[in-house]
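So the chains spell out like this:
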Amino acid sequence: MFARVVEFVNAFRENPGKPSDKVYLSCGTYESLIYENRSLVPLLQSTGMEVKYEEARDGHNWENWRDRLRSGLSWLFPGPLWMVYE
């Protein structure tokens, strides 16, 4: 199931590029790939990209993704806050 992802990440590790100026990466501390996600941070930073990494005490699930979405999008696309939903 993860074969394509592993292939992509390994290819990136061998020849890292700079596809973006900024990268946001989040991960749950209970995810099985937590160490792999953590190890990406210095690799991404070595390309010159600005990296923001956040961990949450959660797993790989909808709630974790949903709760990090505002933080990630706000950091990637800063600007005026038009609406706030509570």
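Preceding this section is the structure that the text describes.
Predicted, not measured: the structure shown is a model, and the values here were computed from it.

Draft legend 1. Quick look at the nonpolar core. Formed by V9, F12, V23, L25, L40, V41, L43, L44, M49 and V51, the largest nonpolar core amounts to 10 residues. Among the elements that make up this core, the one with the highest residue count is helix α2 (residues 34–46) (four residues). The residues contacting V41, other than those within four sequence positions of it, are L25, V51 and Y53.

Draft legend 2. Seen up close, the packing of aromatic side chains. A complete count under the given rule lists one aromatic pair for this structure. Between W62 and W65 the ring centres are 5.0 Å apart and the planes differ by 35 degrees, which places this aromatic pair in the tilted class. One end of the pair is W62 and the other is W65, both in helix α3 (residues 62–76) and three residues apart, which spans about a single turn. Positioned over the ring face of W75 is K22, at 4.3 Å from the centre of the ring.

Draft legend 3. Examining the pairing of strand β2 (residues 50–56) more closely. Two strands pair when backbone bridges link them, and strand β1 (residues 22–28) and β2 are joined in this way by seven bridges, in the parallel orientation. Following the sheet pairing, C27 is matched in β2 by E55. Once you follow β1 into α2 and on to β2, the crossover reads as right-handed.

Draft legend 4. Quick peek at α2. Along α2, the positions that sit buried rather than exposed are I34, N37, L40, V41, L43 and L44. Tucked into the core, α2 has its buried residues touching α1 (3–14), β1 and β2. A positive backbone phi angle near 95 degrees is found at G48, which sits one or two residues after α2.

Draft legend 5. Quick peek at the side chain of R68. Mapped onto the secondary structure, R68 falls in helix α3. As a buried residue without a salt bridge, R68 has its nearest oppositely charged side chain in D67, at a separation of 4.4 Å. The contact partners of R68, leaving out residues within four places of it in the chain, are Y24, S26, E54 and A56.

Draft legend 6. Representation of the side chain of D58 in the model. Among the secondary structure elements, D58 is positioned in the loop between β2 and α3. Nearest to the buried, unbridged D58 among oppositely charged side chains is R68, at 5.0 Å. Of the polar contacts made by the side chain of D58, one reaches the side chain of N61; its length is 2.8 Å. Setting aside chain neighbours within four positions, we find D58 in contact with G28, T29, Y30, E31, E63 and N64.

The rules we used
- Residues numbered from 1 in each chain as written.
- Predicted model: local features only at pLDDT ≥ 70, side-chain atom pairs only at ≥ 80, totals over all residues.
- Heavy atoms only, no water.
- Core = buried A, V, L, I, M, F, W, Y, C linked by side-chain atoms within 4.5 Å.
- Buried < 20%, exposed > 50% of the residue type's maximum accessible area, 1.4 Å probe, protein only.
- Helix = DSSP H or I, 4+ residues; strand = E, 2+ residues; numbered from the N terminus.
- Contact = heavy atoms within 4.5 Å.
- Phe/Tyr/Trp six-rings, centres within 6.5 Å; stacked < 30°, edge-to-face > 60°.
- Lys NZ or Arg CZ within 6 Å of the ring centre and 35° of its normal.
- Pairing = 2+ DSSP bridges.
- Right-handed = clockwise from strand over helix to strand, strands pointing away.
- Lys, Arg positive; Asp, Glu negative; His and termini not counted.
- Salt bridge = Lys/Arg side-chain N within 4 Å of Asp/Glu carboxyl O.
- Polar contact = N/O pair within 3.5 Å; in protein donor to acceptor, adjacent residues only side chain to side chain.

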